[in-house]
Amino acid sequence: MPYLVAAIVLVGALCAVNLLLTLAVIRRLREHSAQLAADRPARPPLVASGTALPEFTAAAPDGTRLSRDFFAGPTLVGMFSTTCAACHERLPEFTARAESLGPGRALAVVVGDQEDADAFTPALTPVATVVVEPPDGPLSKAFQVSFFPAFYLVDDRAVITAAALTPDELPLAAHT
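Residues numbered from 1 in each chain as written. Predicted model: local features only at pLDDT ≥ 70, side-chain atom pairs only at ≥ 80, totals over all residues. Heavy atoms only, no water.

A.B. asks: Even after reading the chapter, I still don't get the nonpolar core, so can you show me in this structure?
C.D. replies: The biggest cluster of nonpolar side chains holds 24 residues, and the ones touching the most others in it are Phe71, Leu107, Phe143 and Tyr152. Those elements that place two or more of their residues in this core are β3 (75–81), β4 (106–111), α5 (138–142) and β6 (150–154). Listed in part, the 23 residues of the second largest apolar core include Leu91, Leu101, Phe151 and Ala162. (Core = buried A, V, L, I, M, F, W, Y, C linked by side-chain atoms within 4.5 Å. Buried < 20%, exposed > 50% of the residue type's maximum accessible area, 1.4 Å probe, protein only. Helix = DSSP H or I, 4+ residues; strand = E, 2+ residues; numbered from the N terminus.)

A.B. asks: Please explain the pairing of strand β7 (residues 160–164) as it appears in this structure.
C.D. replies: A regular strand places its side chains on the two faces of the sheet in alternate fashion. In this sheet, β7 lies alongside β6 in antiparallel orientation, the contact comprising four bridges. For phenylalanine 151, the partnering residue across the bridge sits in β7 and is alanine 164. The hairpin turn running from β6 into β7, its antiparallel successor, is five residues long, and alanine 158 in that turn takes a positive phi close to 65°. (Pairing = 2+ DSSP bridges.)

A.B. asks: So what exactly am I meant to see when it comes to helix α2 (residues 85–101) here?
C.D. replies: Along an α-helix, residues three or four apart share an orientation, since each turn contains 3.6 residues. Helix length check: α2, at 17 residues, gives a terminal C-alpha distance of 25 Å against a target of 24 Å (1.5 Å per residue), a fit within 8%. Roughly 40° is the biggest bend found in α2, and it falls at leucine 91, with proline proline 92 one to four residues downstream. Turning to α2, its buried residues are Cys87, Leu91, Phe94, Thr95, Arg97, Ala98 and Leu101. Next to the buried residues of α2 lie β3, β4, α4 (121–124) and β6. Glycine 102 lies just past α2 and shows a positive phi near 100°. (Expected span 1.5 Å × (residues − 1). Bend = angle between axes of the 7 residues up to and from the residue. Contact = heavy atoms within 4.5 Å.)

A.B. asks: Explain the pairing of β4 here, please?
C.D. replies: Most of β4 is tucked away: six of the six residues are buried. Of the two faces of β4, the one lined by Ala106, Ala108 and Val110 and the one lined by Leu107, Val109 and Val111 are each fully buried. Note on the crossover from β3 through α2 to β4: the handedness is right-handed. (Right-handed = clockwise from strand over helix to strand, strands pointing away.)

A.B. asks: Help me out: how do you make sense of the pattern of salt bridges in this one?
C.D. replies: Opposite charge on two side chains permits them to pair, given that their charged atoms come into close proximity. Tallying each qualifying case throughout the model produces six salt bridges. Here glutamate 31 makes a salt bridge to arginine 27, at a shortest N to O gap of 3.2 Å. Here arginine 27 and glutamate 31 lie together in helix α1 (residues 2–39), a separation of four residues that amounts to about one turn. A residue is classified by how much of its surface remains accessible, and glutamate 31, at 39% relative accessible area, is partly exposed. Residue arginine 157 is joined to aspartate 155 by a salt bridge in which the shortest nitrogen-to-oxygen separation is 2.7 Å. Several salt bridges share partner residues, and in doing so they unite Arg27, Arg28 and Glu31 into one network. (Salt bridge = Lys/Arg side-chain N within 4 Å of Asp/Glu carboxyl O.)

Set out below in structure tokens:
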């Protein structure tokens, strides 16, 4: 009988130590999570308003050559990736905003293979000039895109006037 009592006390002590260690690990994980959240920016970085686009050259599938001279007035630019689920979700918002601007006032850049880009081009072609480029293509570099989707307003001097994560976050005044 004394062995049974000793075994139960030993098991109880081990359970208490295990509980204390578990609580200590949970406390450290909470501290670590809070520190990671504080170190991470609230929003992905976007190119700042007022940034002038560098020189670039790109070609649309229809043969249109694009450079800084393409921006003849306020232009809506949408950066999409063929591997991005959010890009498919934002596509209707972009096409609606581009359609409201009128012809020649929108540029859509689809990053990925031409075959995969075919899922985007039917919706984009009627409302925007569409460029399909590989990752790190000339337009992705010019806009310093590090995530997708990203949306910009560019003025006639090829200067970014606004940047946002959705087309609806861009100011309406720049569209008129």
